[in-house]
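Secondary and tertiary structure notes
Here is what each chain is made of, one letter per residue.
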2 protein chains.
Amino acid sequence: MSEVDRIGATYLLRTRLDPERAAKVIAGEQSSGTFVSLPGETAELTKRAAARVEALEEIEDSGAPPLPGATGDGELRSFRLRITWPLANIGPSLPNLMATLAGNLYELREVAGLKLLDIDLPEVFLDRYAGPAFGISGTRELSGVEASKPLIGTIIKPSVGLSPQDTAELVEELCQGGIDFIKDDELQADGPACPFDERARSVLRVIDAHAQRTGKRVMYAVNITDEIDEMRRKHDIVAEMGGTCVMVSLNSLGVVGLAALRSHARLPIHGHRNGWGYLGRSPDNGWGFQAWQKIWRVAGVDHLHVNALANKFWEDDDSVVSSARACLSPLFPERAWQAMPVFSSGQTIRQVPETWQRVGSADLIHCAGGGIVAHPGGVPAGVAAMRAAWEAAQAGTTLAEAAKDTPELATALEAFK
Amino acid sequence: MSEVDRIGATYLLRTRLDPERAAKVIAGEQSSGTFVSLPGETAELTKRAAARVEALEEIEDSGAPPLPGATGDGELRSFRLRITWPLANIGPSLPNLMATLAGNLYELREVAGLKLLDIDLPEVFLDRYAGPAFGISGTRELSGVEASKPLIGTIIKPSVGLSPQDTAELVEELCQGGIDFIKDDELQADGPACPFDERARSVLRVIDAHAQRTGKRVMYAVNITDEIDEMRRKHDIVAEMGGTCVMVSLNSLGVVGLAALRSHARLPIHGHRNGWGYLGRSPDNGWGFQAWQKIWRVAGVDHLHVNALANKFWEDDDSVVSSARACLSPLFPERAWQAMPVFSSGQTIRQVPETWQRVGSADLIHCAGGGIVAHPGGVPAGVAAMRAAWEAAQAGTTLAEAAKDTPELATALEAFK
């Protein structure tokens, strides 16, 4: 789809005006136009710099009320709108791409609803950005999880309130329980109640000792979210202590913050999408995940949260599956730059079969918090049950059938209904 | 309002459930709770780490449909909800503050609408962050605009498409026209069609020559939006060439990106809010400007865009005035950390009287693009008309009355209806 010298964006546009006119206002606002004709705005300049409306196709309207301040008294209609810009306007720069594709256009009164659904980037972005350094294969290599299996993960819970020592003890238990992956909660960062340095060192010591003993180095995504210099310092502590992953809250960092971390990092970057709701939950304002995830992958994220099936949040399964598949779709013909999708939110063994069936891949991290830790048989049983559930799903066996051979799965089926 | 050891946030909450229960789910999700009771979740831990619902007051509901995925079949009601968190959970860290106050809570199905309206930060943020280095007084000093007057500004238009040389010629004309302030459009960054280095150098040479000749150094907010290292390099070019301001697209940078620039910068940072629409336009999802602007001021922004009265966008005047006043309200008792509000969008002399009357301050930058450049008498007449309009407004004279003595204003009244 993408051209060599143009950048493209696809929007859901809702408007009460002549849609051709609304589309032209958007293209004008985001390139060479303004509200009055100006002396310097020659035909030649317009040809060189103007955004172009490439396609405008009517789709079914949701019937929701318009965004505030939308003008027009016509019927509210919905369109799929594609606009392209000359690459020469901004060059291959993600922050300036955002200002062009997702800037003032949301403010237009011609717009009764606007969602950025997808973007097309020319390959020159490959020269400027690094993309994921580890992705799927690098994550498998560092965690020792073979290619056909998902990483079974969990989240340190309670999210906040544990001391570094409490956390290390919990991690010890998780390691012994056979987990592949552990992440900090995004709320656990570097507060006085549980300072980063102490927590990271205590936990990573446990993980390293476990690795020395067993040969299995559990991947621990340590939440290093902070200002740039501090993040880099924290990343270095993790690396130095033998850690194999760092986690950040993407919306807190911003694209520029993530690229700055990426240029320094030598560990996989686990991207938490907390705050996604304020960007993507509204059906007719903001960002679609398909567009959003591309930007972070170019900037260098290795793992990306996609919620999970039958989650405790608002999102339906179709949306989750589509997000996971987006992360797994190659970004450029030359470089796939896949990010490993992270499934997390209210997960137990129950969601495993459908996750496998619908995503059609085990190149993912499946995190269960309570779904593992609250297993009546403890963590080892919780992990064993999750693994058994995946094996069953991948073999095409029902959980009930597989539970006959795996008591931990039977108990899990009783405990998590 | 703020306590020494707690962080506070006020939300608009819409829900169909028992509001007390919805509020508790939010507080739990964003601190020590999860969807099942966990072994480590003791009463003592909860007391230490839990978020607290401080106030829940019913307000009028908008009647809009709920966000997708909201549960409950009760009546949709709206509440003003205040929650506080122990500072000990995260410490004075803006990125982690965002994950706590504006993270996964937007995803909750208990929530049929959620907008972060305001935040209260304890003073310890003063120790960690630098705030605006220049603010109002520093901007006046650098631009030479005396205390009782607004900075009269304009935007390089067409936004994109001019060469560096074209831009320099336009700036020469603007300087000779008596302008105080010029900004790049947020779409003009560093594309091959108008590379930053060449543009910045050409323009700043013109500005410097004008300053040498006249003593007036026009403030030019050069758009340096880019990756961190590049932004710092560009900032240094601007400073070295005698420039007095740099501009960035805040939502592209992220809070962490801005703080990284602030730690390096020795020029005022002009904060463009493009993309604000996807954060703030929805009435029941996202961010309120009052909350949002505090975060950027703490991170160090000196100027902040607030749209403008009778603008070409969707926002109504009440909202614009409230945003401008928010930027001018002291942030902490000890340090005001005011940002200078920037009025820009479809401005001409027409909006001046009400801007003055309603904002009640001239501590602002008033930018008109077409409203100055497209004045029939050219730029000098355009600037003279804007100045005359402000003088009239501040003196309590109508524009029509003042136009009798100022032909440029009379022409502007004819040209901009």
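Residue numbering note: each chain is counted from 1, following its sequence as written. Here every chain gets a letter starting at A, and every ligand a number starting at 1, in the order they are written. At least 70 in pLDDT is required for a residue's local features to be given in this predicted model, at least 80 for side-chain atom pairs to be given and counted, and no such filter applies to totals for whole chains, interfaces and linings, which use all residues. To obtain the side-chain values, all non-hydrogen atoms of the structure were included, while hydrogens and water were left out.

Further remarks concern the interface of chain B and chain A. The interface is formed by 97 residues belonging to chain B together with 97 residues belonging to chain A. Simply put, the buried area is the total loss of 1.4 Å probe accessible area from both parts when two parts are fitted together. When the two sides are added together, the surface that chain B and chain A hide from each other amounts to roughly 7,700 Å², 56% of it contributed by carbon and sulfur. Definition used for salt bridges: Asp or Glu carboxyl oxygen within 4 Å of a side-chain nitrogen of Lys or Arg. Taken together, the links from chain B to chain A amount to four salt bridges. Residues adjacent in sequence count toward polar contacts only when both atoms are side-chain atoms; beyond that, a polar contact is any pair of N or O atoms within 3.5 Å, and within protein one must be able to donate a hydrogen and the other to accept it. At the surface where chain B touches chain A, the tally comes to 38 residue pairs in polar contact (both at pLDDT 80 or more). Secondary structure elements are taken from DSSP: a helix is a run of H or I of four residues or more, a strand is a run of E of two residues or more, and numbering for both begins at the N terminus. Going through the elements one at a time, helix 2 (43-49), helix 3 (94-101), helix 8 (228-240), helix 9 (250-264), helix 10 (276-280), strand 10 (285-287) and helix 14 (370-373) of chain B are the ones with two or more residues in the side of chain B that touches chain A. Ranked by residue count, the leading element in the side of chain B that touches chain A is helix 9 of chain B, at nine residues. Classifying every residue of the side of chain B that touches chain A by side-chain character gives 45 nonpolar, 38 polar and 14 charged. The contact definition used throughout considers only heavy atoms, calling two residues in contact when any of these lie within 4.5 Å. Throughout, the ten residues Ala, Val, Leu, Ile, Met, Phe, Trp, Tyr, Cys and Pro are labelled nonpolar, Asp, Glu, Lys and Arg are labelled charged, and all others, Gly among them, are labelled polar.

Right, let's get into the confidence of the model for chain A. pLDDT measures the predictor's confidence residue by residue and takes values from 0 up to 100. On average, residues of chain A score 95 in pLDDT, and 97% of them are at 70 or above. The ipTM, which scores confidence in the relative placement of chains, is 0.96 for this predicted complex, and the corresponding pTM is 0.96.

Residue and element names in this part refer to chain A. In this document the domain limits rely on a domain assignment from an automatic tool or a database. Split into domains, chain A comes out as domain 1 (3-128) and domain 2 (135-415). Here the C-alpha centre of domain 2 lies 35 Å away from the C-alpha centre of domain 1. Of the roughly 1,900 Å² buried between domain 1 and domain 2 on both sides combined, carbon and sulfur atoms contribute 66%. Area buried by domain 1 at its contact with domain 2 is led by Leu94, Lys115 and Leu126, which between them contribute 31% of it. There are two salt bridges connecting domain 1 and domain 2. In this structure, Asp284 and Arg14 form a salt bridge, with 3.0 Å as the shortest nitrogen-oxygen distance. On inspection of domain 1 and its partner domain 2, the count reaches 11 residue pairs in polar contact (both at pLDDT 80 or more).

This next bit is on the side chain of Ser361 of chain A. Residue and element names in this part refer to chain A. Mapped onto the elements of the fold, Ser361 is located in the loop between helix 13 (352-359) and strand 13 (365-367). In this structure the side chain of Ser361 is engaged in a polar contact, spanning 2.9 Å, whose partner is the backbone nitrogen of Asp363. Not counting residues up to four positions away in its chain, the partners in contact with Ser361 are Leu328, Trp356 and Trp390.

UniProt positions are given in the numbering used here, feature names are shortened, and annotations may be inferred rather than shown by experiment. Per the UniProt entry, the sites bearing "domain: Ribulose bisphosphate carboxylase large subunit C-terminal" (unreviewed entry) are residues 146-416 of chain A in this numbering. For residues 146-416 of chain A, helix accounts for 49% and strand for 13%, while the C-alpha atoms at its two ends are 28 Å apart.

Before going further, it helps to examine the relation of the copies chain B and chain A. Copy-to-copy superposition: least squares on the C-alpha atoms, limited to residues that have pLDDT of at least 70 in both copies. Superposing chain B onto chain A takes a rotation of 180 degrees plus a shift of 0.0 Å along the axis, which leaves an RMSD of 0.0 Å. Such a combination of turn and shift is consistent with a two-fold rotation axis. The position closest to the rotation axis in chain B is occupied by the C-alpha of Gly254 of chain B, lying 1.9 Å away. Same-surface contact between copies: 100% of interface residues of chain B are shared with the interface of chain A.

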